[in-house]
Structure formats: C-alpha cells, structure tokens
Amino acid sequence: MPTPTKGPRLGGGPAHERLMLANLAAALFEHKRITTTVTKAKRLKPYAERLVTFAKRGDLASRRRVLGLISNKGVVHELFTDIAQAVENRDGGYTRITKIGNRKGDNAPMAVIELVLEPVSAKQAVVAEATSAAKRDADKKEAAAAAPAAEEAPEAEVVETEAAEAPEAEAATEEAPAAEDAPAEDKAEEKDAK
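Now for a quick tour of the structure. (Residues numbered from 1 in each chain as written. Predicted model: local features only at pLDDT ≥ 70, side-chain atom pairs only at ≥ 80, totals over all residues. Heavy atoms only, no water.)

**Side note on unusual backbone geometry**
Next, step 1: A positive phi angle, near 70°, is found at K32, a position not held by glycine.
Next, step 2: Residue placement: K32 occurs in the loop between α1 (14–31) and β1 (33–37).
Next, step 3: We classify K32 as partly exposed; its relative accessible area is 23%.
Next, step 4: Backbone geometry places N107, a non-glycine residue, at a positive phi of 60°.
Next, step 5: For N107, the position within the fold is in the loop between β2 (95–102) and β3 (109–115).
Next, step 6: You can call N107 exposed: its relative accessible area is 52%. (Helix = DSSP H or I, 4+ residues; strand = E, 2+ residues; numbered from the N terminus. Buried < 20%, exposed > 50% of the residue type's maximum accessible area, 1.4 Å probe, protein only.)

This is how it looks when you write it as structure tokens:
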C-alpha cells in the first residue's frame with residue numbers, strides 16, 4: 001500500500017484528489033504515456049501500479065475492484081487484457097517517470113509517466129522469441145506430416161525391411177574380427193614353437 005503523502009492535496013479535497021488520480025490512471029492506461037507535472041506523476045505511480053497488480057490477478061473480484069475506481073469499461077478491458085499480458089513476467093516497476101523540464105507558462109516542473117511494457121531483460125525477449133519460433137516450426141511439421149500420411153506407410157515398411165537386414169550384416173562383421181584373431185593366435189603359437 002502506498003504511504004500517505006505529506007502536505008496539501010492535489011485537488012481541493014480528498015474526493016477531488018481521488019477523481020484526479022483515477023482520471024490520470026485511465027489516461028495512462030489508454031495512451032500508455034502521458035505528460036503531467038512531476039508532483040502528479042509521483043502521486044500517480046503507486047496508484048497505477050496497484051491497479052496493474054490487480055489486473056495481473058485477472059479474477060472477477062479484481063476486475064470489479066478496478067471498475068469501482070476507473071469507470072471507463074473500455075480502459076479496464078484494455079488494462080486486463082493487453083497491459084496485464086505484457087507485464088506478466090515483471091514483478092513490479094510497471095511505470096517509469098522521466099523529467100522533461102519546466103512548463104513554459106508557469107514554470108511548473110513537468111514529467112512523462114509511461115508504462116514499461118518491454119520484457120524485463122533482453123535475454124528474456126530472445127528466449128521468448130525463440131520459443132515462439134520453435135512452436136511455429138513444430139506446428140508446421142505436424143501439418144506437413146498429417147497431409148501425406150498415406151504416402152509414408154509404404155516407406156515405413158521399407159525401413160522395417162532394411163532394419164531386418166541390418167542384424168545379418170552386423171553378424172557378418174562380428175565374425176570377421178574373430179577370423180582375424182585366429183591367425184594372430186597361430187602366429188603366437190609358431191613363435192612359442194621356435
């Protein structure tokens with residue numbers, strides 16, 4: 001749970017602050033990146049990350065809890081389907097705040113807050129890509145094997161007959177070394193006789 005903040009609230013009262021955070025979170029989930037003041041971005045970060053954690057659970061109770069805070073059903077659906085799936089391997093740190101300087105009119109410090117949707121590490125991205133490629137190849141091989149199944153039956157018989165002939169060839173090769181060992185024994189006996 002986020003720690004309570006010190007100092008004045010963002011809006012006029014607590015209800016206004018809750019509505020502001022809910023609207024900022026909805027905009028963040030809809031656009032994946034928003035520009036706001038540094039203070040609002042820092043207050044939005046734990047709020048939005050908590051909602052993403054609910055979305056990762058994915059159950060009905062979590063969805064209803066998020067719908068109690070964000071009233072736009074389309075944004076909640078996107079949060080639970082797209083965003084939750086993109087951050088399923090991430091244990092936290094779903095948002096990133098980048099300071100971009102001061103606003104021209106009132107010199108307020110501005111920041112960009114965005115969702116971190118890329119994989120945790122580059123190695124995980126490579127592994128995920130390789131697994132998906134291997135799965136695609138396996139699916140293609142299964143499809144190719146299913147089509148000419150009738151043609152492969154005669155080839156299987158040929159392989160079986162070749163396998164039956166192979167043990168005879170192995171027996172012949174086994175006899176050959178025994179024949180070579182016999183002359184060596186004769187030579188050893190001749191040396192002993194001399």
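**So, the environment of A26**
Next, step 1: Locating A26 in the fold gives a position in helix α1.
Next, step 2: On the basis of relative accessibility, which here comes to 13%, the residue A26 falls in the buried class.
Next, step 3: Expressed as a C-alpha distance, the spacing of A26 and G74, which sit 48 residues apart in the sequence, is 9.8 Å.
Next, step 4: Each residue touching A26, except ones within four places of it in the same chain, is listed here: I70 and V75. (Contact = heavy atoms within 4.5 Å.)

**Looking at the packing of α1 against helix α4 (residues 73–86)**
Next, step 1: α4 packs onto α1 with a crossing angle of 50° between their chain directions and a minimal axis gap of 9 Å. With respect to their mutual orientation, α1 and α4 come out oblique. In terms of crossing hand, the pair formed by α1 and α4 is left-handed. Along its contact with α1, which presents A26, F29 and E30, the element α4 presents V75, E78, L79 and I83.
Next, step 2: Here the residues of the contact of α1 with α4 are counted per class, giving five nonpolar, no polar and two charged. (Axes fitted to C-alpha atoms, helices over the stretch in contact; angles between N-to-C directions. Parallel < 35°, antiparallel > 145°, perpendicular 65-115°, else oblique. Left-handed = near helix turned anticlockwise from the far one by under 90°. Nonpolar A, V, L, I, M, F, W, Y, C, P; charged D, E, K, R; others polar.)

**Topic: the packing of aromatic side chains**
Next, step 1: Counted by the stated rule, this structure contains zero aromatic pairs.
Next, step 2: Positioned above the aromatic ring of F80 is the side chain of R63, whose terminal nitrogen or guanidinium carbon lies 4.5 Å from the ring centre. (Phe/Tyr/Trp six-rings, centres within 6.5 Å; stacked < 30°, edge-to-face > 60°. Lys NZ or Arg CZ within 6 Å of the ring centre and 35° of its normal.)

**What to know about the sheet that holds β1**
Next, step 1: Strand order across the open sheet formed by three strands is β1-β3-β2, with antiparallel pairing between neighbours. Across the chains shown, the open sheet's two edge strands, defined by having one partner strand only, are β1 and β2. Direction aside, the axes of adjacent strands within the sheet are offset by 25° on average.
Next, step 2: Across the face of the sheet, α1 comes into contact with β1, β2 and β3 while running at roughly 145° to β1. (Pairing = 2+ DSSP bridges.)

**Digging into the nonpolar core**
Next, step 1: In terms of nonpolar packing, the biggest core is built from 30 residues, with F29, L44, L51, I70 and L79 touching the most fellow members.
Next, step 2: Within the residue set of this core, elements represented by two or more residues are α1, α2 (38–57), α4 and β3.
Next, step 3: Among the elements that take part in this core, α2 stands out by supplying nine residues, more than any other.
Next, step 4: The contact partners of I70, leaving out residues within four places of it in the chain, are A22, A25, A26, F29, L51, V75 and V76. (Core = buried A, V, L, I, M, F, W, Y, C linked by side-chain atoms within 4.5 Å.)

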